[in-house]
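In case you want the letters, here they are:
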Amino acid sequence: MNADANRPQPRPRRFTRKYIWRLLRFFLLALVVVVLGVMVWMANAQVGIYLQPAPSTVTIPPDLPFTPEVITFTGGPDAQTQAPVTLAGWFVPPQNGATVLLLHGYGGNRTQMRRQAEWLYRAGYGLLLYDERASGESTGSVRSYGWQDVADVGGALAFLRGRADVDMTRIGLLGCSIGGMISIRAAAQYPEIRATIADGPAVVASGDLPPPASWAEWLSVIPNWIIDRMLEARLGQAEPPLVSEVISQIEPRPLLLI
């Protein structure tokens, strides 16, 4: 006689509604964990790109219509070392009494603003072009996505304040992309800046973005929030005031948005 025949046989599992619901909850939870993990991984990679230094060698083009003075000045503290960064740039004295600071886009250097500088020079304006922190020939352990660059504009103003050939009542600011975002926030903070042009200004953080208008934009809300928190952690500071929060502080000084 087969002894196994006398053993109780396992009862087949019934796929009840309760059992199916438990399986569904498990798979949904697993999916959420996987999606969040992917979002965090992608956000971390993006923040790494944002903060990675972008050094480059800057030479004076031989066909430049002006001969700049090669200068350096001290900016704000570095995000990691807390030592003041040293910004490298070019200075040209004004012919009409007014001087314009020019801020380039992310990952570039002062030569990105050459075309604008030539236009302004031909109109008689003085020029201060410099490489943003951890870019070009300026020092810095990390770039800051514009978060800490407003203090560097303050350093540029201090440099100009020490020049006998600069009228501090006639200072303008022109920035492109990230430089445009920095320009708006700097103009709101420093009353010495009498006029500002922001060409294609970037956002400070996700709070500057318009409300989501499609499902694809809704899907980007969480990753953008994660990027903001990672920038706070990596830069060791709270999220700075948004462009949308400070832009009204520039009034009544003129502001041109392109």
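Our subject is the structure listed above.
Read on for a plain summary of the structure. (Residues numbered from 1 in each chain as written. Predicted model: local features only at pLDDT ≥ 70, side-chain atom pairs only at ≥ 80, totals over all residues. Heavy atoms only, no water.)

**Quick notes on the pairing of strand β7 (residues 171-176)**
Move 1: Of all six residues that make up β7, six are buried, and the element is covered over most of its length.
Move 2: Of the two faces of β7, the one carrying Ile171, Leu173 and Gly175 and the one carrying Gly172, Leu174 and Cys176 are both buried.
Move 3: As paired strands, β7 and strand β8 (residues 193-199) are joined by six bridges and run parallel to one another. Across the sheet, residue Gly172 finds its bridge partner in β8, namely Ala195. (Buried < 20%, exposed > 50% of the residue type's maximum accessible area, 1.4 Å probe, protein only. Helix = DSSP H or I, 4+ residues; strand = E, 2+ residues; numbered from the N terminus. Pairing = 2+ DSSP bridges.)

**Some details on helix α2 (residues 114-122)**
Move 1: Every buried residue of α2 is listed here: Gln116, Ala117, Glu118 and Leu120.
Move 2: Where the residues of α2 are buried, they touch β4 (99-103), β5 (126-130) and β7.
Move 3: At the exit of α2 stands Gly124, carrying a positive phi of roughly 100°. (Contact = heavy atoms within 4.5 Å.)

**Thoughts on the nonpolar core**
Soluble globular proteins tend to pack their nonpolar side chains together in the buried interior.
Move 1: Among the nonpolar cores identified, the biggest contains 49 residues, and Leu101, Leu128, Val153, Leu160, Ile193 and Leu231 are the most heavily contacted of them.
Move 2: If one sorts the elements of this core by residue count, helix α4 (residues 178-189) sits on top with seven residues.
Move 3: Excluding residues within four positions of it along the chain, Leu128 makes contact with Ile71, Trp90, Phe91, Val100, Leu101, Leu102, Ala156, Phe159 and Leu160.
Move 4: With 14 residues, the next largest nonpolar core counts Val92, Val100, Leu127 and Cys176 among its residues. (Core = buried A, V, L, I, M, F, W, Y, C linked by side-chain atoms within 4.5 Å.)

**Details of the packing of helix α1 (residues 17-51) against helix α6 (residues 221-235)**
If you want to describe how two helices pack, look at the angle between their axes and the distance between the axes.
Move 1: Where α1 meets α6, the axes come as close as 9 Å, and the angle between the chain directions of the two elements is 50°. In terms of orientation, α1 lies oblique with respect to α6. Here α1 and α6 pass one another in a crossing that is right-handed. Residues Leu36, Met39, Val40, Ala43, Asn44, Gln46, Val47, Gly48, Tyr50 and Leu51 of α1 touch α6, and the partners they reach there are Ile222, Pro223, Ile226, Ile227, Met230, Leu231, Arg234 and Leu235.
Move 2: For the contact of α1 with α6, the class distribution of residues is 14 nonpolar, three polar and one charged. (Axes fitted to C-alpha atoms, helices over the stretch in contact; angles between N-to-C directions. Parallel < 35°, antiparallel > 145°, perpendicular 65-115°, else oblique. Left-handed = near helix turned anticlockwise from the far one by under 90°. Nonpolar A, V, L, I, M, F, W, Y, C, P; charged D, E, K, R; others polar.)

**Topic: the pairing of strand β2 (residues 69-77)**
Move 1: Relative to strand β3 (residues 84-92), β2 runs antiparallel, the two sharing seven bridges. Bridge pairing in β3 links Glu69 to Phe91.
Move 2: Where β2 folds back onto β3 in an antiparallel hairpin, the turn is made up of six residues, including Gln82, whose phi is positive at roughly 65°.

**Quick word on the packing of aromatic side chains**
Move 1: For the structure shown, the criterion picks out six aromatic pairs.
Move 2: Between the aromatic rings of Phe73 and Tyr130, the centroid separation amounts to 5.1 Å while the plane-to-plane angle is 85°, which identifies the pairing as edge-to-face. Of this pair, Phe73 sits in strand β2 while Tyr130 is found in strand β5, placing the two residues 57 residues apart along the sequence.
Move 3: For Tyr130, a relative accessible area of 1% gives the class buried. (Phe/Tyr/Trp six-rings, centres within 6.5 Å; stacked < 30°, edge-to-face > 60°.)

**Focus: unusual backbone geometry**
Move 1: The omega torsion across Glu251 and Pro252 is 10°, close enough to zero to call that bond cis.
Move 2: The topology assignment puts Pro252 in the loop between α7 (243-246) and β9 (255-257).
Move 3: Phi at Gln82 is positive, roughly 65°, even though this residue is not glycine.
Move 4: Among the structural elements, Gln82 can be located in the loop between β2 and β3.
Move 5: Look at Ala134: it is not a glycine, yet its phi comes out positive at around 60°.
Move 6: As for its position among the elements, Ala134 is in the loop between β5 and β6 (135-136).
Move 7: Judged by its relative accessible area of 2%, Ala134 is buried.

**Looking at the sheet that holds β3**
Move 1: Reading across from one edge, β2-β3-β5-β4-β7-β8-β9 is the order of the seven strands in this open sheet, with mixed pairing throughout. Either end of the sheet is taken by a strand with one partner, and the two such strands are β2 and β9. Each strand of the sheet is rotated relative to its neighbour by a mean of 20°, with strand direction disregarded.
Move 2: As judged from the four bridges shared by β3 and β5, these two strands associate in the antiparallel manner. Residue Gly89 lies in a different strand from β5, and its bridge partner there is Tyr130.
Move 3: Seen against the sheet, helix α3 (residues 150-161) touches β2, β3, β4, β5, β7 and β8 and runs at an angle of roughly 135° to β2.
Move 4: Strands in contact with α4 are β4, β7, β8 and β9; relative to β7, the strand with the most contacts, it is inclined by about 145°.

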